[in-house]
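Structural characterization, general
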Amino acid sequence: MDFDFGRAFKAYLDATYGSENKTPTVGRYWPSQLGYCLRRQWFRFRKPKPPRPDSYRYFERGNMFHEWVSYVLSRAPGFRLLSSERSLSIVDYQSDPPFVLDGRLDDFLLVEDQEASRRILIEVKTTERSLSKLEKPDRPHLLQVQPYILSAHADEAYILYLRPNLESKTFRVEYDPVLMEELMQRGKTLDACLRMGVPPVAEGKRDPDLRWECEKRCEYRAECDALELSGGLEEA
Ligand code: SF4
């Protein structure tokens, strides 16, 4: 049989990412997911499915870009790479049962700008969109970064968008308690819907900024459409 890099690559992706594909735990939520359609998140808990076939390639590309930015910043004169991975856990004991924001800062880099003596948190995101049309960070990314800014004790935080041709655009972001509260509330809404067995609102169908999820990514489109037809009340 002739050598087929595609086959080797697929075997590598399955071995690397397949084991990460676990059923999520009710009560523990990832900041990186909470800005997206909550109904899609809800389905992921209730009806876990393997990711779409192309998802692992996107994971791999994201990791490659993250590694590349780490490489650049660890070798750029005047910068020192402090950390490229940290765990995060924020617990709200006021909730019953306690509500946990959980995750790893594996999209993030913590860098020291030695000239200015400041610690900089950088969230790396890949995008295929034209950067000239990207005027502000995506809202899910703004929400995601809030607990990380709190936890990393950084002086400044940025979201860095990278295109496949390595063009980049960087946005400075600030800690915003209103956004942090919104993130927590979204997590609590998802938590309550999961515990009650009631699906959240189909945000992807209602919010123009999230419609791409329905059109391009959602693996639960059929189930979601069936719910809509039944009035959204029938437990999936
Ligand atoms: S089809 Fe759209 S609204 Fe429904 S769960 Fe998927 S992303 Fe959400």
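Above this text is the structure in question.
Residues numbered from 1 in each chain as written. Predicted model: local features only at pLDDT ≥ 70, side-chain atom pairs only at ≥ 80, totals over all residues.

1. Brief notes about the overall build of the protein
- Along the protein, the regular secondary structure elements total 9 helices and 8 strands.
- Projected onto its principal axes, the C-alpha coordinates of the protein cover approximately 60 × 60 × 35 Å.
- A total of 236 residues make up the protein; the buried ones form 28% of that total.
- Of the contacts formed within the protein by residues at least 6 apart in sequence, a portion of 70% connects residues at least 24 apart. (Helix = DSSP H or I, 4+ residues; strand = E, 2+ residues; numbered from the N terminus. Buried ≥ 20, exposed ≤ 12 C-beta atoms within 10 Å, placed from the backbone. Contact = placed C-beta atoms within 7 Å.)

2. What about the nonpolar core?
- Within the largest apolar cluster, 41 residues are counted, with the highest numbers of intra-cluster contacts made by Leu109, Leu110, Leu121, Ile122, Val145, Ile149 and Ala154.
- When residues of this core are traced back to their parent elements, those giving at least two are α3 (38–46), α4 (55–75), β5 (108–113), β6 (118–126), α5 (139–152), β7 (156–162) and α6 (177–196). (Core = buried A, V, L, I, M, F, W, Y, C linked by C-beta atoms within 7 Å.)

3. Quick word on the site of the ligand
- Residues in contact with the ligand amount to 14 residues; listed here are only the nearest, Cys37, Gly204, Cys214, Cys218 and Cys224.
- Broken down by secondary-structure element, the contributors of at least two residues to the shell around the ligand are α3, α7 (203–206), α8 (211–217) and α9 (221–229).
- Partitioning the shell around the ligand into residue classes produces 7 nonpolar, 1 polar and 6 charged. (Near = placed C-beta within 6 Å. Nonpolar A, V, L, I, M, F, W, Y, C, P; charged D, E, K, R; others polar.)

4. Thoughts on the packing of α5 against α6
- Here α5 crosses α6 at 100°, and the two axes come no closer than 9 Å. As the angle between them shows, α5 and α6 are arranged roughly perpendicular. Contact residues: Leu142, Leu143, Gln146 and Pro147 in α5; Leu179, Met180, Glu182 and Leu183 in α6. (Axes fitted to C-alpha atoms, helices over the stretch in contact; angles between N-to-C directions. Parallel < 35°, antiparallel > 145°, perpendicular 65-115°, else oblique.)

5. Considering the sheet that holds strand β2 (residues 79–83)
- Spatially, the 5 strands line up as an open sheet ordered β2-β5-β6-β7-β8, and their pairing is mixed. Each edge of the open sheet carries a strand with a single partner, namely β2 and β8 (168–173). This sheet shows a mean twist of 30° between the axes of neighbouring strands, independent of strand direction.
- By the bridge criterion, 6 bridges tie β7 to β8 in an arrangement that is antiparallel. The partner of tyrosine 158 across the bridge, within β8, is arginine 172.
- Against the sheet, α4 touches β2, β5, β6 and β7, its axis set at about 150° to β6.
- Packing against the sheet, α5 makes contact with β5, β6, β7 and β8, and its axis sits at approximately 150° to β6. (Pairing = 2+ DSSP bridges.)

6. Concerning α6
- Over its 20 residues, α6 extends 28 Å from the first C-alpha to the last, a length consistent with the 28 Å expected when each residue adds 1.5 Å.
- Where α6 is concerned, the buried positions are Leu179, Leu183, Met184, Arg186, Gly187, Leu190 and Asp191. Taken down its axis, α6 places every buried residue within 155° of arc, on the same side. Among the exposed residues of α6, those pointing more than 90 degrees away from its buried face are Pro177, Val178, Glu181, Gln185, Arg195 and Met196.
- Of the residues one or two after α6, glycine 197 is the one with positive phi, at around 70°. (Expected span 1.5 Å × (residues − 1). Arc of directions from axis to C-beta.)

7. Some remarks on the pairing of β6
- Pairing geometry for β5 and β6, over 6 bridges, is antiparallel. Directly across from valine 111, in β6, lies its bridge partner isoleucine 120.
- Count of turn residues in the β5/β6 antiparallel hairpin: 4 residues, of which serine 117 carries a positive phi of about 50°.
- As paired strands, β6 and β7 are joined by 7 bridges and run parallel to one another. Its bridge partner being in β7, glutamate 123 is matched across the sheet by isoleucine 159.
- The β-α-β motif built from β6, the intervening α5 and the parallel element β7 has right-handed crossover chirality. (Right-handed = clockwise from strand over helix to strand, strands pointing away.)

8. A few points about the environment of aspartate 102
- As for its placement among the helices and strands, aspartate 102 is situated in strand β4 (residues 99–104).
- Sequence spacing of aspartate 102 and tyrosine 29 is 73 residues, and the spatial spacing of their C-alpha atoms is 5.6 Å.
- Those residues in contact with aspartate 102, other than ones at most four positions away along the chain, are Arg28, Tyr29, Trp30 and Ser89.

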